[in-house]
Amino acid sequence: MSRPAPRAGALRRCEPTTTLIRCVPFLFFLLNSLLTSCAGGLGTVPNDTTHVEKAVQVSRDTSTGWVFYHGPVVTQEAEPEGFPEVGEISLHANTNRLGDTRYFLTVDQRYRGHWRGAIHAADDEGHEFLAYSLRQGVECEFNCEFQDAIVIELEGRYLTDHKHKGITLHLLGPNGSVSTPFTLTPAYIQGFLLKIGRQSS
C-alpha cells in the first residue's frame, strides 16, 4: 500500500537545525506524557461532548507557567487477519505563559505479527504527519505481541477544522506496514477544545 503524499500542514520533527525554543516544549511534553500515560478516562463516552470535557485533566507548572491538558483514554479494538489489535488513543495539549498551545495525539497499540516501527501517520484525507516513538516493548511465547506508544503532533487549526467530522488515522511503518484505523470522534475533539477554551478565558 503506497503512502499518501504529504500535504501542507504536516509538522516537522525536531532536527539539529530546528530552533531550541520549538524543540524544548516538545521534549517537555514527551516527559510529561510518560508520567501521565495512565491518566483517567475509563468509561469515557467518546460520543458525549460533555462527558469528554469533564474527563480532561488539567495540570499546571507554577515555576514555568505552563498548563498541560490530558484527554481521556479511549480504547478501540480490531482483529485484522485474525490477529487482535488494541489501540488506546488520547489527545493532549500544552499552553505556555504566552498563551501558545500545541496539540498532540498519543496512540498506545498492542498487536501481533511483525514490529511496525511506525514513522508516519496519515488520515483518510491524505494528510501525513510524523510519528514519534515514546516507548516500545515486545513479549514472545507462541506469538510475539508488540506494544508501541506513539505521539503525533497536530495543529490547532487541523483539530478545529475536523471538530464536526472527526479524524480517522492509521500508522505507517518504513517497510510498508499499516495499522488498523483509529478514530477521534467529533464529540471527543469538541469536548477537548471546549475544556481548553474555558481554561483560557
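Look up: the structure comes first, before these words.
Now for a look at the structure at hand. Values in this document were obtained by computation on a predicted structure and should not be read as measured data.

This part covers the overall build of the chain. A tally of helices and strands in the chain yields 4 helices and 10 strands. If you list the helices and strands of the chain from N to C, you get α-α-β-β-β-β-β-β-β-β-α-β-β-α. Evaluated residue by residue, the chain yields a buried proportion of 44% over its 201 residues. The long-range fraction of contacts in the chain, counting pairs at least 24 apart against all pairs at least 6 apart in sequence, stands at 60%. Looking at the chain as shown, the accessible area adds up to about 10,800 Å², and 53% of this sits on carbon and sulfur atoms.

Right, let's talk about the packing of aromatic side chains for a bit. Following the criterion strictly, the structure yields 2 aromatic pairs and no others. Judged by centre distance (6.3 Å) and plane angle (20 degrees), the ring pair of tryptophan 66 and phenylalanine 68 falls under stacked. Exposure remark for tryptophan 66: the relative accessible area of 14% places this residue in the buried category. Centroid distance phenylalanine 129 to tyrosine 158: 5.1 Å. Interplanar angle 65 degrees. Geometry classified as edge-to-face. Residue phenylalanine 129 is located in strand β7 (residues 128-140), and its partner tyrosine 158 is located in helix α3 (residues 156-161); the two are separated by 29 residues in the primary sequence.

The next subject is the nonpolar core. Burial of nonpolar side chains together is a common tendency in soluble globular proteins. In this structure, Leu105 and Ile152 are the most contacted members of the largest nonpolar core, which totals 30 residues. Leave out the neighbours within four places in its chain, and leucine 105 touches Ile89, Ser90, Leu91, Ile150, Val151, Ile152, Leu154, Leu169, Phe182 and Leu184. Counting residues in each nonpolar core, the second largest holds 6 residues, with Phe104, Leu134, Ala149 and Val151 among its members.

Among the 5 residues that make up strand β2 (residues 66-70), 5 are buried, leaving the element largely enclosed by the rest of the structure. Neither face of β2 is open: one carries Trp66, Phe68 and His70, the other Val67 and Tyr69, and all of them are buried. Here strand β1 (residues 57-61) runs beside β2; their pairing, made up of 5 bridges, is antiparallel. Pairing of valine 58 across the sheet is with tyrosine 69, part of β2. What sits between the antiparallel neighbours β1 and β2 is a turn of 4 residues, in which glycine 65 has the positive phi angle 85 degrees.

The next subject is the side chain of threonine 106. Positionally, threonine 106 belongs in strand β5 (residues 101-112). Here the side chain of threonine 106 touches serine 90 through a polar contact of 2.8 Å, side chain to side chain. At 3.2 Å, the side chain of threonine 106 forms a polar contact with the side chain of histidine 92.

Another point: the pattern of salt bridges. Under the counting rule described, the total for this entry stands at 4 salt bridges. Across the salt bridge formed by arginine 198 and glutamate 53, the nearest N and O atoms sit 2.4 Å from each other. Here glutamate 53 lies in helix α2 (residues 49-55) and arginine 198 lies in helix α4 (residues 186-200), a separation of 145 residues in the sequence. The shortest N-O distance in the salt bridge between glutamate 153 and arginine 102 comes to 2.8 Å. In this pair, glutamate 153 sits in strand β8 (residues 144-154) while arginine 102 sits in strand β5, placing the two residues 51 residues apart along the sequence. A relative accessible area of 6% places glutamate 153 in the buried class. You can call arginine 102 buried: its relative accessible area is 14%.

Spanning 15 residues, α4 covers 21 Å between terminal C-alpha atoms, matching the ideal 21 Å at 1.5 Å per step. Listing the buried residues of α4 in full gives Ala187, Tyr188, Ile189, Gly191, Phe192, Leu193, Lys195 and Ile196.

Conventions and cut-offs
- Residues numbered from 1 in each chain as written.
- Predicted model: local features only at pLDDT ≥ 70, side-chain atom pairs only at ≥ 80, totals over all residues.
- Heavy atoms only, no water.
- Helix = DSSP H or I, 4+ residues; strand = E, 2+ residues; numbered from the N terminus.
- Buried < 20%, exposed > 50% of the residue type's maximum accessible area, 1.4 Å probe, protein only.
- Contact = heavy atoms within 4.5 Å.
- Areas by Shrake-Rupley, 256 points an atom, 1.4 Å probe, with all protein chains shown as cover.
- Phe/Tyr/Trp six-rings, centres within 6.5 Å; stacked < 30°, edge-to-face > 60°.
- Core = buried A, V, L, I, M, F, W, Y, C linked by side-chain atoms within 4.5 Å.
- Pairing = 2+ DSSP bridges.
- Polar contact = N/O pair within 3.5 Å; in protein donor to acceptor, adjacent residues only side chain to side chain.
- Salt bridge = Lys/Arg side-chain N within 4 Å of Asp/Glu carboxyl O.
- Expected span 1.5 Å × (residues − 1).

Read these as spatial facts, not as claims about activity.
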